[in-house]
Every structure is written in C-alpha cells, then in structure tokens.
Amino acid sequence: MVLGGNGLGKTTLMQALVYGLTGGVSEEIEEDKRLRWGHAYFRSRLAPKQLRTARITVSYNLGKERLTVRRGLLGSHVEAFRSSSAFPSWIENKEAAERALGTVLRDFGGYANMDDFAFVVHRLMYLPESRRLLAWDTNAQTRILMLLNRDLAEEQEFRSRRDRLKRLDSRKRHVHVQLGHAEQALINILDEDESEDDVPDPIESPEQAAIDELPNLLKELGGASKERVEAGEQMRSVARSITVLANEVDDLQRSADNAEAELVSSLLEGEERESNLAIYKLLENAICPCCGTKQKVMQATARQFQREQKCVLCGSDANEPESPELSSIRSQLAEKTNALQANEEAHRLLQQKFLAARDHEDAVQAQVNTIRFSQPILMIPDSSLAKTTREDMLRRRESLEREEADLAIQLATLQAELENEYNTFLRSVSDRMITLKQAYERYASEFLGIPCQLVPEQDADRLLDLTAFIPEFNGALRPTPDSCSEAQRFFLDIAFRMALLDLASEMGGSPTSFICETPENALDLSYLDNVVKMFHAFVEKKHSVILSANLQEAGLASRIMSGVSQSERRGRVVNLLEIGQLTAVQQGSLSRLRHLARKVTG
Amino acid sequence: MNSDKTSVLIRMRDVGLALRAVAPYERALSRIQLQKFLYLMDSLAGLYELLPPLEAHYTFRHGPYDPFIQSAVDSLSFRGFARIRSLVRRSNGNIASEYSLTIAGVRWSDGMLAHHALAERNEVAEVVAKQVNRIGWNRLIPLVYAEPTFFNSRPEGYGKKLKPQRSSTNSSAYVLQLIRHALPKQSSLVTRDIIAEYYFDYLEAYANAQRPLSAEDLA
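Residues numbered from 1 in each chain as written. Chains lettered and ligands numbered in written order. Predicted model: local features only at pLDDT ≥ 70, side-chain atom pairs only at ≥ 80, totals over all residues. Heavy atoms only, no water.

**Q** Which parts of the structure should I look at to understand the overall build of chain A?
**A** Looking only at helices and strands, chain A features 19 helices and 11 strands. A total of 602 residues make up chain A; the buried ones form 44% of that total. By sequence separation, contacts in chain A at least 24 residues apart represent 68% of the contacts at least 6 residues apart. Summed over its atoms, the accessible surface of chain A is roughly 31,200 Å², and 50% of this surface lies on carbon and sulfur atoms. (Helix = DSSP H or I, 4+ residues; strand = E, 2+ residues; numbered from the N terminus. Buried < 20%, exposed > 50% of the residue type's maximum accessible area, 1.4 Å probe, protein only. Contact = heavy atoms within 4.5 Å. Areas by Shrake-Rupley, 256 points an atom, 1.4 Å probe, with all protein chains shown as cover.)

**Q** I tried to follow the overall build of chain B on my own but got confused; where do I start?
**A** Scanning chain B from terminus to terminus reveals 10 helices and five strands. Across the 219 residues in chain B, those meeting the buried criterion constitute 53%. Across chain B, contacts joining residues at least 24 apart in sequence account for 69% of those joining residues at least 6 apart. Accessible surface computed for chain B: about 9,500 Å², of which carbon and sulfur atoms make up 53%.

**Q** Any chance you could explain the interface of chain A and chain B here in plain terms?
**A** Size of an interface: often given as the accessible area lost when the parts come together. With 39 residues of chain A at the contact, the number on the chain B side is 37 residues. Buried surface at the junction of chain A and chain B, summed over both partners, amounts to about 3,400 Å²; 55% is from carbon and sulfur atoms. Of all residues in chain A, the largest losses of buried area upon contact with chain B belong to Leu268(A), Arg330(A) and Arg348(A), amounting jointly to 17% of the total for that side. Along the contact surface separating chain A from chain B lie four salt bridges. Of all the elements in the fold, those that place two or more residues in the side of chain A that touches chain B are helix H7 (206–275) and helix H10 (326–374) of chain A. The residue makeup of the side of chain A that touches chain B, split by class, is 18 nonpolar, eight polar and 13 charged. (Buried area = accessible area lost by both parts, 1.4 Å probe. Salt bridge = Lys/Arg side-chain N within 4 Å of Asp/Glu carboxyl O. Nonpolar A, V, L, I, M, F, W, Y, C, P; charged D, E, K, R; others polar.)

**Q** Teacher, can you tell me more about the packing of aromatic side chains here?
**A** Aromatic ring pairs are defined here through the distance separating the ring centres and the angle between the ring planes. Residue and element names in this part refer to chain A. The full count for this structure, using the stated rule, is 21 aromatic pairs over all chains. Between Tyr440 and Phe496, the aromatic rings sit 6.2 Å apart at their centres with planes inclined by 75°, giving edge-to-face as the arrangement. Of this pair, Tyr440 sits in helix H12 (residues 430–448) while Phe496 is found in helix H13 (residues 486–508), placing the two residues 56 residues apart along the sequence. Summarising the aromatic geometry, the rings of Phe447 and Tyr527 are spaced 5.2 Å apart at their centres and angled 35° between planes, so their arrangement reads as tilted. In this pair, Phe447 sits in helix H12 while Tyr527 sits in the loop between strand S9 (513–516) and helix H14 (528–539), placing the two residues 80 residues apart along the sequence. One residue, Arg45, lies across the ring of Tyr41, its end atom 4.1 Å from the ring centre. The ring of Tyr111 carries the charged tip of Arg150 above its face, separated from the ring centre by 4.4 Å. (Phe/Tyr/Trp six-rings, centres within 6.5 Å; stacked < 30°, edge-to-face > 60°. Lys NZ or Arg CZ within 6 Å of the ring centre and 35° of its normal.)

**Q** Looking at this model, I keep getting lost on the sheet that holds strand S1 (residues 2–4) of chain A. Mind explaining?
**A** Whether parallel or antiparallel, the strands of a sheet pair through hydrogen bonds between backbone atoms. All names here are of chain A. In spatial order, the strands read S5-S9-S10-S1-S11; together these five strands make up an open sheet with parallel pairing. Each end of this open sheet is capped by a strand with a single partner; those strands are strand S5 (126–127) and strand S11 (574–575). Inspection of the sheet shows S5 paired to S9 by two bridges, in the parallel sense. Pairing of Leu127 across the sheet is with Cys516, part of S9. Its contacts with the sheet place H14 against S9 and strand S10 (544–550), and it is angled at close to 150° to S10. (Pairing = 2+ DSSP bridges. Axes fitted to C-alpha atoms, helices over the stretch in contact; angles between N-to-C directions.)

**Q** Can you walk me through unusual backbone geometry in this structure?
**A** Peptide bonds are mostly trans, and most non-glycine residues show a negative phi. Of note, Asn276(A) is a non-glycine position whose phi angle comes to about 55°, a positive value. Position of Asn276(A) relative to the elements: it lies in the loop between H7 and helix H8 (278–285). Look at Glu26(B): it is not a glycine, yet its phi comes out positive at around 55°. Tracing the backbone through its elements, the reader meets Glu26(B) in the loop between helix H1 (4–22) and strand S1 (29–30).

**Q** Would you explain a nonpolar patch on the surface in this entry?
**A** Residue and element names in this part refer to chain A. The grouping of Leu13, Val574 and Ile579 at the surface amounts to a nonpolar patch, some 250 Å² of accessible area in total. By the element assignment, Val574 lies in strand S11. We classify Val574 as partly exposed; its relative accessible area is 33%. (Patch = residues over 30% accessible without salt bridge, like charges linked within 9 Å, V, L, I, M, F, W, Y side chains within 5 Å.)

**Q** Can you help me understand the environment of Lys161(B) in this one?
**A** Residues and elements named next belong to chain B. Take Lys161: it is sitting in the loop between helix H7 (148–153) and helix H8 (172–182). In the structure, Lys161 is positioned 106 residues away from Glu55 in sequence and 8.8 Å away in space, judged by C-alpha atoms. In this structure Lys161 touches Leu54, Glu55, His57 and Tyr58, once residues within four positions along its chain are discounted.

**Q** Before we go on, may I ask you to explain the packing of H1(B) against helix H5 (residues 116–135) of chain B in this structure?
**A** Describing two packed helices takes the angle between their axes plus the distance from one axis to the other. Residue and element names in this part refer to chain B. As a packed pair, H1 and H5 sit with axes 9 Å apart at the nearest point and diverge in direction by 45°. Judged on the interaxial angle alone, H5 and H1 are oblique. Two packed elements cross with a definite hand, and for H1 against H5 that hand is right-handed. Contacts from Arg13, Asp14, Leu17, Ala18, Arg20, Ala21 and Val22 in H1 reach Leu118, Arg121, Asn122, Ala125, Glu126 and Ala129 in H5. Here the contact of H1 with H5 is composed, by residue class, of seven nonpolar, one polar and five charged. (Parallel < 35°, antiparallel > 145°, perpendicular 65-115°, else oblique. Left-handed = near helix turned anticlockwise from the far one by under 90°.)

**Q** Would you explain the pattern of salt bridges in this entry?
**A** The final tally for this structure, using the stated rule, is 39 salt bridges over all chains. When the shortest N-O distance is used, the salt bridge between Asp502(A) and Arg442(A) registers 3.6 Å. Here Asp502(A), found in helix H13, pairs with Arg442(A), found in helix H12; they are 60 residues apart in sequence, far enough to count as distant. The salt bridge partner of Arg139(B) is Glu204(B), with a shortest N-O separation of 3.2 Å. A residue pair is termed long-range when its members are at least 10 positions apart, and Arg139(B) in the loop between H5 and helix H6 (140–145) and Glu204(B) in helix H9 (residues 192–209) qualify at 65 residues. The residues Arg139(B) and Glu204(B) share a single accessibility class, namely buried.

**Q** Before we go on, may I ask you to explain the side chain of Gln410(A) in this structure?
**A** Residue and element names in this part refer to chain A. Structurally, Gln410 can be placed in helix H11 (residues 390–428). At a separation of 3.4 Å, a polar atom in the side chain of Gln410 contacts the side chain of Arg164. The contact partners of Gln410, leaving out residues within four places of it in the chain, are Arg164, Leu168 and Arg372. (Polar contact = N/O pair within 3.5 Å; in protein donor to acceptor, adjacent residues only side chain to side chain.)

**Q** Looking at this structure, I do not really get the sheet that holds strand S3 (residues 65–72) of chain A. What am I missing?
**A** All names here are of chain A. Strand order in the open sheet made by the three strands is S2-S3-S4, with antiparallel pairing throughout. What marks the edges here is a single partner per strand, and that holds for strand S2 (55–62) and strand S4 (78–83). This sheet shows a mean twist of 15° between the axes of neighbouring strands, independent of strand direction. Across five bridges, S3 lies against S4 in antiparallel orientation. Its bridge partner being in S4, Val69 is matched across the sheet by Phe81.

**Q** Even after reading the chapter, I still don't get helix H19 (residues 590–601) of chain A, so can you show me in this structure?
**A** Since the α-helix advances by 3.6 residues per turn, residues separated by three or four positions end up pointing in the same direction. Residues and elements named next belong to chain A. Look at H19: 16 Å from first C-alpha to last across 12 residues, which is about the 16 Å you get at 1.5 Å a residue. Those residues of H19 lying buried are Leu590, Leu593, Leu596, Ala597, Val600 and Thr601. Buried residues of H19, viewed axially, fall in a sector of 135°; they line one side. Against the buried residues of H19 lie S1, helix H15 (556–561), helix H16 (566–572), S11, helix H17 (576–579) and helix H18 (584–588). Backbone geometry just after H19 places Gly602 at a positive phi near 85°. (Expected span 1.5 Å × (residues − 1). Arc of directions from axis to C-beta.)

**Q** It is not clear to me how a positive patch on the surface should be interpreted in this structure. Could you clarify?
**A** Residue and element names in this part refer to chain A. On the surface, Lys294, Lys296, Arg303 and Arg307 cluster together to form a positively charged patch. By secondary structure assignment, the location of Arg303 is in helix H9 (residues 296–307). The partly exposed category is assigned to Arg303, whose relative accessible area is 32%. (Lys, Arg positive; Asp, Glu negative; His and termini not counted. Charge placed at Lys NZ, Arg CZ, Asp CG, Glu CD.)

What follows is the structure in structure tokens.
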C-alpha cells in the first residue's frame, strides 16, 4: 500500500515500479499515442543531475525464478540484469542484459518477446490513473487471452495477419476511390470526344489477353478458396463428432470388457470346480496350490475372500460394479462403432476434398501471381499524368477494376482464415473460459452486490468478427463502458483482470500480482465494503495487490489493511508522509494526516 | 481404464480362444507368438463388429506387446487351464516356453463358445489360425510387422499405444474398409472369411516387399 496525499509521489512511485518492469509503454503495446510513456516521464520529477544518477531497480518472481532489473532514466533500456538461477551475477552490458532478460522471460514465463511481457503488465496487471480499461476492449482482450493461452495460439502471427488484413482493406478502399476518379475522367473524355467509332480497336497482345483473363481467374480463385474453407470447416465438425463417438465407444467397450470378464471368471470358477483344480482343492480340501500340504488357515482365508468376491489367494478387491447385460452393451457398441467408422470415412473423404481444393486454389493463385507480377509496379499518380487519351483511361479503369477484384478475393480469403483460426482457438480454450467466467462472476458479484456474469458477444468489427466478453447484470448486457456507471465500469474492469490473473495463475502454477492506482477515487461510500471483499477474495488465493491510496476519512486503505495483522502492517505500507516533500497546506494538517495514516498502519 | 483384473480376465479369454484355435493345426504358441497371434486377432476384430480390449498393445522391442497377455497365460497355467507343452532352447541360449490348453482348459474354452459374444470372438481366433496356417507359421511375426498401425508407429519408439481398430488413420480397420469397398456389394460370395483372406494376402505381400526382419525381430 503506497499511502500519501496530493503531490507526494504516489503515482511516480507506482510508475517507477512499472517502468522497472517494462521500461514504459511503447507503440507495440499501446495504439493510443497519448497513453505512451517512457523514461521522459521522469524528467519533470527530477533535477537534470538527479536524472543522470537515478536508477530504478525492481525485483520480482517469474515462476520459480527471481529476476532483478535495473534501468536508468536517460533511456528506457535495461542497464543491468540478474536472475536467481539462469544469470546469478549482474550483467551490466546494456545489450547483454536485454538479451538475458529476454531469455529468462522466454524460458521461465513462456513470453516470445519483451513486448508480450510488457503488454501483459500494462494491459492486465497494471491499472493506472488514466483508467485504460480492458473489459470493453476486444482487441486487447483477444491479445491477452491468446498470450495467456499461448500453448493453443500463435498470438503474434495472428496479430500480424490481422495487420495485413487492415492493410489490404485500406488498399482496396484506396483503389476504389481511384476507380471512381478514373470513371469520372473517362466520362469527361467521352464528353469531349463524341466520335467513339473513330477509335481503332486495340490489337490484343498475349500479355493483354492474360490480363483480360484475370477477372475470370480471380472469380475461380474465390470459388476455390470458399470450397477449401468450407471443406476445412466440415472436416473439423466431423472430427468433433469422431471425438464424441470415440469417447462413447470407449465407455461402452469398458462396460463390455467388464461384463465379458465377469463371464470368463464365472466360467473359470465353474470349470475349476468341475475339474477339481488346484484353487478348488484349496477351497474344498485346504490343499495349498503351491506345496500340496493341508493348510486350514489358508483355506479359511481363501473362503472368506471368496465370500467377499475377492481373489481367493491375494484378496485383491478388483471386481467392477455390476454391468448391464452383455448383449445390450454389444448392440449399442456395434451401433456406435458403425457410426464412428462412418464418420471416420467421411473425415477421410473431406480431407481429400480439402486437399484437392487447396491444390486447385494454389494452382489458380500461381496463375494470378504470374499475371499480377508481370505488370509494372510503378503507378503514376493522376496529377502527374500527361494528357490522357480515351484508351489510356479505359486501360487504367480495367486495371483498377482488376486490382479491386483481386484485393476483394484476398481480403475475403484472409478474413475467412482468421475467423476460422479464432473460432478454433475459442473452442479449444472453452474449458478455461468456464474457469474465467466463474472467477469473474465471483469478483463482479462481490462488488455489485448482485449477480453479474461475463457473456461472450460478437464484436461489431467491420473486418473481423471477434468475440468480446462483456458484463451482464440486472438482466441487461453492458456492451459499452457507457452502459455502466463510472464506479461500475472501473470495478468491473478490475474484476475482469482479477479473473484473468486467477486463470493465469491456475495455468502457470504460481500466484500473480495486480497493481492499481487509487482505486477509491471512483467510489461512493456504500460500495467500500464490497470493494474490500473483492480485493480480499483475490489475495486469499495468495496473489499480491499493490495499491496506492489517498489519506482520507473513511478511505479504502484502512479497510483493506484490516485484513493484515497489526504486526505485519508497517512492513506492507509505504507512508509518503514520512518520506515525501509535504506542501505548506499539508504541513498545516500534518497531525490530522498522521492520525489518518496510523489508522492504516496500525 | 479397465482394472488390472478385468484386463487379465479379458486376455485369459483371448489366450484360451487362441490356444484352442491353433490346436487343430497341432500347434502350440510361445510367449512371443501369443502376443503376435492376439495382435492379429485384435486387428481383425473390427471385421466381426468386435473391438480389442480397452487396454491393449503398445509398441515394444519385439513388436506389439500387451503385458496382460503374459499375466493371463501365467495365471491360466497356474490354475491348471494351460500347460507349458515343451521347452525349446533357442540359438541365443534362452529357453522358450510353448503353451497349449489342458483338458480342463479345453472344457473351459468349450464353455465359452456357448455364449454368443465369446463365440464370435472365437470365430476371429479361428480365422487368424486358418490364415496363418495357410501362409505359414514362420510368417506370423512378419505379418504383424506389416500390419499398418504397427508399421506406422514403430519408428516412433517404444510405449506408443496401438489402435488398429481406428480407421481414421492408416490402420487395419482402414485396410479392411478398403477391401470391403473394393469387393462387389450385395454378393453372397463376399463373406468375412473372404475379406480376411484378402487382408492376410495384403499383409503377406506387404511383408514381402519390406526388407527381411532381423534375427532379433524373429527371436
């Protein structure tokens, strides 16, 4: 708990902590320029000489590894680094330290690069005063979910393909505008030159013939792509049925095995009796099956085991529960096995269809590429053109039409692939999403005092249908931050982050941390206890919470610290009244402020 | 997962039926031959709408291996249903045991045939014995090594679970399906025996196309 008043350095201290972890917020993790920051943030807080000598050193655990990172304030890079087992001695060369940090983040945290780690810190673990929300930000949610489930998703690859989708879309719109200009220019030329019949028919070269063929090829390419995507989807649907049926067959097979084992066992016992075999002799005549002597005690034990339906020699209790009639299991099993085989055959056929469609698509794409790459890359802007003839403009319009159609196909194919990939990802993490929803429901309901759920909702993105996870309470979905009050949106965002951190902790096997600046600012008095319960529920799972708070009457700080024993409180509070530079106004109220601080520190 | 007791009892059933099926050809089966014979029974079971036990073979040093088969034959021997018919000293100095049914074992296996489910399994054992006898008992091991599921899994090392009944991969079930599709439908001549015969011909042809097995494989 970082405790202080206005201007005493709460935010600076929290920013310093996060700066130590990640070096600030770069464009790789924050699309909004206004929210990016780095070492320059500290310029106005320190004198030039202090800036040169000040260092920020942060130690933290990543799984079982303890990392210590040191950064200066003249640049956001790592100045020195060490970690408990991988790099136990300080590495003070800038490049080597950055490399070592990257290695440890990868080996102990599974992060592909430092940007991924920084994204998780800034968009999930740290809630600054700027209140950058995660709960209604579909893109950030998708990136976080993919990063947390990196065993099932290639987040970086997915994001770079989404960027390509945006570029293709932007290019298509640009071409569409150019096409409009070309059409207008053509109308102007036609108006000037009404003697259309005088224009000689152009002689078509082989290159031109190939270019003319392009629209048909693009149409064919679109058809082949659609066919491939459909076959892929059908294949996955059949694969899901196969999994379900295979599990059912396994269950039935288990029952059939048990029933047949019971039958075999009873036949063996019957025959042992009939043929007067060794086991039977033990049970009836007390003859040891090994040495052949009379052993009454052994016989009594064997009989006791027999009565208890155990093995007469070792007494192992392995009888299965009574199974239903074998013939009934057999007929069900035959039915399911036939269905399974039919599905497996359908899957094979669909696989062939998928491969054929893919080969066809590749072949047509190769033809399209050959034609496309044979055209000049350089495009002269309209304004630079010399006086354009009608033929020039006709060719230009055709060329733009072809390009637009080509881009439309590429766009549709990439969209279908990305949607498919995303839906497959969501299906594969469905079990984990249940855990996430349960944790969210607990935290959010704790805060609101009424049931609140996390509901998947299709996000209305123009280019790609992603799923946003949004709150629902009082029977209404809350699709935007504006559909909640200020306090609701802020604390529902915290609930969402805590649920994600729970999930991450469950998957990684170690507790996590949540860093939040002055959470009480948005809160009215009646919700204070609910918020305290929410934070307490989070730390009960061994997670850490780092909070900053103002010294206020009936503030959040003292209530939250009530969960910490008196003896431990001092060690858990950074009291800025003791180390900060107090203003004259604060000096005037010092005894009152100290009284409030004591309520927190105990 | 079945309990060990169930797994051993299920393999006692299969061992009993296998030893019964090879008896008319005056054959007894060694430990390794039993493993191979039962693997072929499992591979062919799908043709008779039967499935191998839930816990069955894994890839191992000398081909597919199911530890419950050895436990089953040991238990049958101890209880007096199977006998070690002869002891053969191999060229490598090891002693090989060969198993056959005792009179009580024969009566017990007769008893099993009175039950429909077990009688169908007996049909599988008899077809395997008939086909191996036709091709040659010395071809038992090469036939198993040519079985597609094992053939595919062998390079992946020991301990890989073998499921020859799953037709979604290259397996016996797949080959049997192909044979069934290739034969004229609705013909009364297309019996399970015919399909089994083609299947064994396929295995034999495939085995012949491969490099000869090493002495260790054939041990």
